[in-house]
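# A structural walkthrough
These are the residues of each chain, in order.
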Amino acid sequence: SNDPDTQLHVKNTGGIELRLEADSNNSGQEDSFVRFYTDGKTQEGIVGMDNNNSSTLFSGNTENAMVLGCVSNLPVVLATNNTERVQVTAAGQFLVGIGSSTSPESGGSNGVGEFVGSSSGRLNALRLSNTNTVSSGTASTAIVFGAHTNGARDNAVIEVQNTANGGDAMELQFHVRDNANALQK
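Residues numbered from 1 in each chain as written. Predicted model: local features only at pLDDT ≥ 70, side-chain atom pairs only at ≥ 80, totals over all residues. Heavy atoms only, no water.

## What about the overall build of the protein chain?
For the record, the criterion: The secondary structure listing takes helices from DSSP runs of H or I that are at least 4 residues long and strands from runs of E that are at least 2 residues long, numbered from the N terminus. Should any heavy atoms of two residues lie within 4.5 Å, those residues are considered in contact. Accessible surface is estimated by sampling points in the Shrake-Rupley manner with a 1.4 Å probe; for residues, cover comes only from the protein chains shown.
Looking only at helices and strands, one finds zero helices and eleven strands in the protein chain. When the helices and strands of the protein chain are placed in sequence order, the string is β-β-β-β-β-β-β-β-β-β-β. Taking the contacts inside the protein chain whose residues are at least 6 apart along the sequence as the reference set, 13% of them involve residues at least 24 apart. Here the protein chain has roughly 13,900 Å² of accessible surface; of this, 47% comes from carbon and sulfur atoms.

This is the structure we're talking about:
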């Protein structure tokens, strides 16, 4: 463009493709990514492909993956319609339906995920579904609560079970682990 809006401005009346291709001859294991810096490189974000090489784009094993994130101690935010919808905080909490001006509520600093919404009627904050059609036997959907105690991970289960012998017979079950370390209904 003869009059660019920014330092890099690619313009066409048809479609445009921006391509970053690493390891085009498939002889090595090279990464392909875009790195974003602000404030004198004190804030850093990365999006791209982390290939199977000796280094990874983030701490931990992100090899052979499409990656998106902050290297800096900042959240990752997804937005639609000019509004924040999802945030992964710098501490790793996964927040859905909450704006940056709202702090996590019941989970507090110990919470891993939180779904927040507002409705004058029923609020379906989370729906878990098993799409299996039951023609014989049972199918179920469960929420499992676990803490690594006495070698067991699943300490409590809330389960909705659909049995074929009763058509659409639904059963809501609560299971808790007893002193003998066995799940009980």
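## Some details on the pairing of strand E4 (residues 76-80)
Where we set the bar: DSSP calls a pair of strands paired once it identifies at least 2 bridges connecting them.
Two elements, E4 and strand E5 (residues 83-88), share five bridges in a ladder whose sense is antiparallel. Bridging across to E5, valine 77 finds its partner in glutamine 87. The antiparallel hairpin formed by E4 and E5 contains two residues in its connecting segment, where asparagine 81 sits at a positive phi of about 50 degrees.

## Re the confidence of the model for the protein chain
This is how it is decided: Values of pLDDT, the confidence the predictor places in each residue, fall between 0 and 100.
Of all residues in the protein chain, 73% attain a pLDDT of 70 or more, and the chain-wide mean is 76. Mean pLDDT values for the elements of the protein chain range from 66 in strand E11 (residues 183-184) up to 91 in E4.

## Remarks on the pairing of strand E2 (residues 43-50)
Every regular strand shows the same layout, with side chains that alternate between the two sheet faces. Note: strand E1 (residues 32-38) against E2, seven bridges, orientation antiparallel. Across the sheet, the residue bridging to threonine 38 is glutamine 43, located in E2. The loop that links E1 with its antiparallel partner E2 comprises four residues; one of these, aspartate 39, has a positive phi angle of about 50 degrees. With six bridges connecting them, E2 and strand E3 (residues 65-70) associate as antiparallel partners. Within the sheet, the bridge partner assigned to glycine 45 lies in E3 and is cysteine 70.

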